[in-house]
There are 2 protein chains.
Amino acid sequence: MQYNRFFTDDQVKRIHEASLELLENVGVLVHNDKARAIYGKIGCSVDVQSGMVKFPSQVVEKARQSFVPTYTFTAQNPKFDKVLPNDGPIVVTGSSAPNIIDPKTGEERRATSDDIANIAYLINELPGFDVFSISTLAEDAPPGQFSISRFYPALKNCKKPVRSNTPNMKDLEQVLELGELIAGSKEAYMARPFINHHYCPMVAPLTMDVESTEAVIYLVERGLPVYGTIVPNAGLTSPMSLAATVTLGNAEFLALATLIQSIRPGAPMIYAVLSTVADMRTGNYAPGAIETGMLQMGHTEMANYYNIPSGGYIGLTNSHLNDAQSGYETGMNTTGALLAGASLFNMGGLLGSLMAFDFGKAVTDSEIAMNLKRMKRGMEFSEENLCLDLIAKVGPGGSYMSEKHTVKKMRTTAVLPNVATREMRGRWESEGRTDYQTRAMREADRILSQENPAKFSAELDAKIRGHFPNLVAGDAKWDL
Amino acid sequence: MQYNRFFTDDQVKRIHEASLELLENVGVLVHNDKARAIYGKIGCSVDVQSGMVKFPSQVVEKARQSFVPTYTFTAQNPKFDKVLPNDGPIVVTGSSAPNIIDPKTGEERRATSDDIANIAYLINELPGFDVFSISTLAEDAPPGQFSISRFYPALKNCKKPVRSNTPNMKDLEQVLELGELIAGSKEAYMARPFINHHYCPMVAPLTMDVESTEAVIYLVERGLPVYGTIVPNAGLTSPMSLAATVTLGNAEFLALATLIQSIRPGAPMIYAVLSTVADMRTGNYAPGAIETGMLQMGHTEMANYYNIPSGGYIGLTNSHLNDAQSGYETGMNTTGALLAGASLFNMGGLLGSLMAFDFGKAVTDSEIAMNLKRMKRGMEFSEENLCLDLIAKVGPGGSYMSEKHTVKKMRTTAVLPNVATREMRGRWESEGRTDYQTRAMREADRILSQENPAKFSAELDAKIRGHFPNLVAGDAKWDL
């Protein structure tokens, strides 16, 4: 597939150069001591008083030389390993929502570790998803177990790659201990590190925080998988211009990439973004807007220039229901990103601007993901697929319905969805006149009513629970 | 914008050549006598017994030489004229559904001329739409006035270009009489022919019908605007292969184009398609499937090779409700087609595989259309839009909220939708927890409750009603 492009080659180069100019002349405010020290060591000018770091172009260009073109998500079960960009689109859940739409009442409430267990199992089973980014927080986390109360139910119930973040170093260390327990040893875990870390160390405009930056440095030093997402919001933390927002975000990406490559040249990265335009009538956050998709597409062009995988939080919705709005917002922006060449889609399951997980939305996004994967396969051009002999045989006015070729190819040529209806109206009415969300919730119910095949062994579970006293139960329990 | 491509240049050429091979070796079954005579006259071999026409390559290649790169939709009000491809995306309603979802009851029923009047006025007012293709049939049409009962309310209430078809020559002549009455004279009408005709003379596979072909010939002979849509359905009337369906459809397009260009070299055309893949689990028609979008994209690559405008019925849905399914089906396929370079989008307002018009769906599609138009404008790269001075001025950690630049650019940089919600959940709840369709119906109600500015003068209306006794009322009347 030849990807869609908004920019010419010259415009891409100009954005790169403009990003270098911003890093050299305006600089980045770096709040983390270790990061400032690293930047100083590699030739940046560091103002100790203000924390301002300025980047000579050659420092950034040197870091660029060690960029690598792939990024691997490792899973507990190796059959679920995924490598960007070739396995793309890699479809991931949206993450860390505080709330969930209760599947029984339809009301929003705080999410718990039991919810995470159910979601993890659902994502393990839904064919459209490749990676489980832990969708919610856990309100019931015992003191001192904020993150482990999320990662334990996630890793227990989903054998696809699990991804999330931690708020501080103590939590990160606990999560890595859990990983080593599951792997059987530190060495086994380091050989296949199936916890995939994600942070937002860059705060637009041009600022680097303390805690997330600390976590990134720690993980990169140990060779563990981590990447960051760049999140400028035009109108508030970035200029009200798409081209400028791509440029500012690109400068921020390069600042973070320079840090990572200076610590460990060749460390895999993803050029991940959630660049947005604020709805300035109210200042509301608008991740479902078409401009989010366009910005992703623009950043992807920059990532392709740097030859690194790209993507991010794309396909989000502002809607609080899984309705026509959530459908077209997710559908339009993910399609745009796919056709620009993005390979990572953190899209699934969230409503209301990343505030709440919804089971029906997750099922929907799995079906949207199947469409994206079909589109990525493209037209499958070959002389055989032109079917010239078959067209001659069937002839003008003939029918292909009972041709062997039709039967043989019907399940691979087309996506055959489970939830989308294709029935004529009479049949659809006689089957209860359901809307898509009703059927999506039924599909979630069907999956979650089965016995969960993804659990830990009793032995391993006892070991983990012995290591972390008071740990949440972490079992998928569905009672709709 | 550099468009997305599934095919390489060589593959496009091969599909063109394979289409020529099909036309030369397999041929087209032509049921219309006049068409057969025209084909015979330009060098095709015509089998009088069977009606089979075979096309030497040079005949098709000669026709290709007179293809023109633009197509104009003329409107009653010249400010609404649109030229493909440069004014694209040209967004059009879906057409000729037998039914409507009653705005009061939500039940499906047969559509009437009053419905057409209301729809025409709505499309006149909705900013996303450029052309009104008459969305429904009119169940209440008096005997002998099947088509005029559709075109009269349409032309009375919508001053944007109006498009539709007629089932026979008598109806076509009536419709043209109506056009001349509105224009004031035959000459005035011919100077600005604001009725835009559309037919499907090609019936896949490789067959040409009687009545639609007759209408196309009649209109092309007179220099009136007309184009045809190609509609292969993989698994039933075309092979179960996307590449083969593009090839078969391309051959059918070339057969029709050869007829048109032979009658009047340089007649404007649109490479319009509704190529689909059947859901072979049931044989159901699946215009909402992702493969419909992909086929449109493939055909658009062929149209770009021929340098003619392209598009068609794209963004349709199988859903019977305006729900998440209708949202993502319309959103994904229209985005794909846009990024492949299509400029005509016959997408708006229909549910249930083109069977029923829905007012809320039309409002939704107007909002989706605004997103497509924004995406088409692209990143608006310029040195000024990189905002490097502004970024330096605001600096790391600053805010763009109160910058003059933000205020100046907030309404042009981003689409600011009326129906999509961007409110936080608390506000959305306090405003009634509406779903998108509820708000879309409110928007339709708001528009249709206004006085209709698009009517005919009393004098003209009396003239028309005198010419066509028993004509339907044709007035937009809204009473929700």
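Cut-off values and rules
- All residue numbers refer to position in the chain's written sequence, counted from 1.
- Labels are handed out in written order, letters beginning with A for the chains and numbers beginning with 1 for the ligands.
- Totals for whole chains, interfaces and linings use every residue, but because this is a predicted model, local features are given only for residues with pLDDT of at least 70 and side-chain atom pairs only at 80 or more, for both listing and counting.
- Side-chain measures here rest on the full set of heavy atoms in the structure, leaving out hydrogens and waters.
- UniProt positions are given in the numbering used here, feature names are shortened, and annotations may be inferred rather than shown by experiment.
- Contacts: residue pairs with any heavy atoms within 4.5 Å of one another.
- The buried area of a pairing is the accessible area, by a 1.4 Å probe, that goes missing from both parts when the two are put together, added over both.
- By definition, a salt bridge exists where a carboxyl oxygen of Asp or Glu is found within 4 Å of a side-chain nitrogen of Lys or Arg.
- Within 3.5 Å is the distance limit for a polar contact, defined as a pair of N or O atoms, with the added protein rule that one can donate a hydrogen and the other accept it, and that residues adjacent in sequence qualify only through two side-chain atoms.
- Strands are runs of DSSP state E lasting at least two residues, helices are runs of H or I lasting at least four, and both sets are numbered from the N terminus onward.
- Three classes are used, and their members are as follows: Ala, Val, Leu, Ile, Met, Phe, Trp, Tyr, Cys and Pro are nonpolar, Asp, Glu, Lys and Arg are charged, and the others, Gly among them, are polar.
- Buried means the residue's accessible area, taken with a 1.4 Å probe over protein chains only, is under 20% of the maximum for its type, while exposed means over 50%, and partly exposed covers the values in between.
- Only when DSSP finds a minimum of two bridges between them are two strands counted as paired.
- Lining residues are defined by having an atom within 4 Å of a point belonging to a cavity or pocket. Those points lie on a 1 Å grid over the protein atoms alone, cavities being sets where a 1.4 Å probe fits but cannot get out and pockets being open sets with protein on both sides within 12 Å along at least five of seven lines.
- Grid points are joined across faces, edges and corners, and a volume is the space filled by probe spheres set on the points.
- Aromatic rings from Phe, Tyr and Trp, taking only the six-membered ring of Trp, are treated as a pair when their centres fall within 6.5 Å; an angle between ring planes under 30 degrees marks them as stacked, one over 60 as edge-to-face, and anything in between as tilted.

In the annotation of an unreviewed UniProt entry, chain A is listed under the name Trimethylamine---corrinoid protein Co-methyltransferase and assigned to Sporomusa malonica. Under the UniProt heading Sequence similarities (unreviewed entry), the entry covering chain A gives this text: "Belongs to the trimethylamine methyltransferase family."

*Asks:* I keep staring at the interface of chain A and chain B and nothing clicks. Help me out?
*Replies:* Listed per partner, the contact involves 115 residues of chain A and 115 residues of chain B. Interface area, chain A with chain B, both sides summed: about 10,100 Å², of which 67% is carbon and sulfur. Between Glu-107 of chain B and Arg-433 of chain A there is a salt bridge, with its nearest N and O atoms 3.3 Å apart. Remark: the boundary between chain A and chain B carries 40 residue pairs in polar contact (both at pLDDT 80 or more). The greatest single-element share of the side of chain A that touches chain B, amounting to 10 residues, is contributed by helix H11 (residues 324-340) of chain A. Across the side of chain A that touches chain B, the residue classes tally to 58 nonpolar, 36 polar and 21 charged.

*Asks:* What is the right way to look at helix H5 (residues 148-157) of chain B in this model?
*Replies:* Spacing of three or four residues puts side chains on the same side of an α-helix, whose turn is 3.6 residues. Residue and element names in this part refer to chain B. The element H5 is largely enclosed, with a buried count of 10 among its 10 residues. Those residues of H5 not exposed but buried are Ile-148, Ser-149, Arg-150, Phe-151, Tyr-152, Pro-153, Ala-154, Leu-155, Lys-156 and Asn-157. The elements touched by buried residues of H5 are helix H4 (113-125), strand S9 (132-133), strand S10 (162-164), helix H6 (169-183), strand S11 (195-199) and helix H17 (458-467).

*Asks:* Got a minute to help me understand the sheet that holds strand S3 (residues 52-54) of chain B in this structure?
*Replies:* Within a sheet, adjacent strands bond to each other through the backbone by hydrogen bonds, running parallel or antiparallel. Residue and element names in this part refer to chain B. Taken in spatial order, the 5 strands make up an open sheet running S2-S3-S1-S13-S12, and their pairing is mixed. Unpaired on one side and paired on the other, strand S2 (45-47) and strand S12 (202-203) mark the two borders of the sheet. As paired strands, S2 and S3 are joined by 3 bridges and run antiparallel to one another. For Asp-47, the partnering residue across the bridge sits in S3 and is Met-52.

*Asks:* In this structure, what is going on with the layout of surface pockets? I would like to understand it.
*Replies:* Gaps left between atoms are located by rolling a probe of water-molecule size over the structure's atoms. All names here are of chain A. Of the volumes computed, that of the largest pocket is approximately 480 Å³. Of all elements in the fold, only helix H15 (425-430) and helix H16 (436-448) reach the threshold of two or more residues within the lining of the largest pocket. Residues belonging to the lining of the largest pocket are distributed by class as follows: 11 nonpolar, 8 polar and 10 charged.

*Asks:* How should the packing of aromatic side chains be read in this particular structure?
*Replies:* For any two aromatic rings, the description comes down to two numbers: the centre-to-centre distance and the angle of the planes. Within this structure, the stated rule accounts for 32 aromatic pairs over all chains. On the numbers, 4.9 Å between centres and 70° between planes, the contact of Tyr-39 of chain A with Phe-55 of chain A is edge-to-face. Taken together, the positions of Tyr-39 of chain A in helix H2 (residues 33-41) and Phe-55 of chain A in the loop between strand S3 (52-54) and helix H3 (57-64) put the pair 16 residues apart, joining distant regions of the chain. Residue Tyr-39 of chain A is classed as buried on the basis of its relative accessible area, which comes to 0%. Between Tyr-152 of chain B and Phe-456 of chain B, the aromatic rings sit 6.2 Å apart at their centres with planes inclined by 35°, giving tilted as the arrangement. You can see Tyr-152 of chain B sitting in helix H5 and its partner Phe-456 of chain B sitting in the loop between helix H16 (436-448) and H17, a full 304 residues away along the chain. On the basis of relative accessible area, Tyr-152 of chain B is assigned to the buried category, the value being 0%. You can call Phe-456 of chain B buried: its relative accessible area is 10%.

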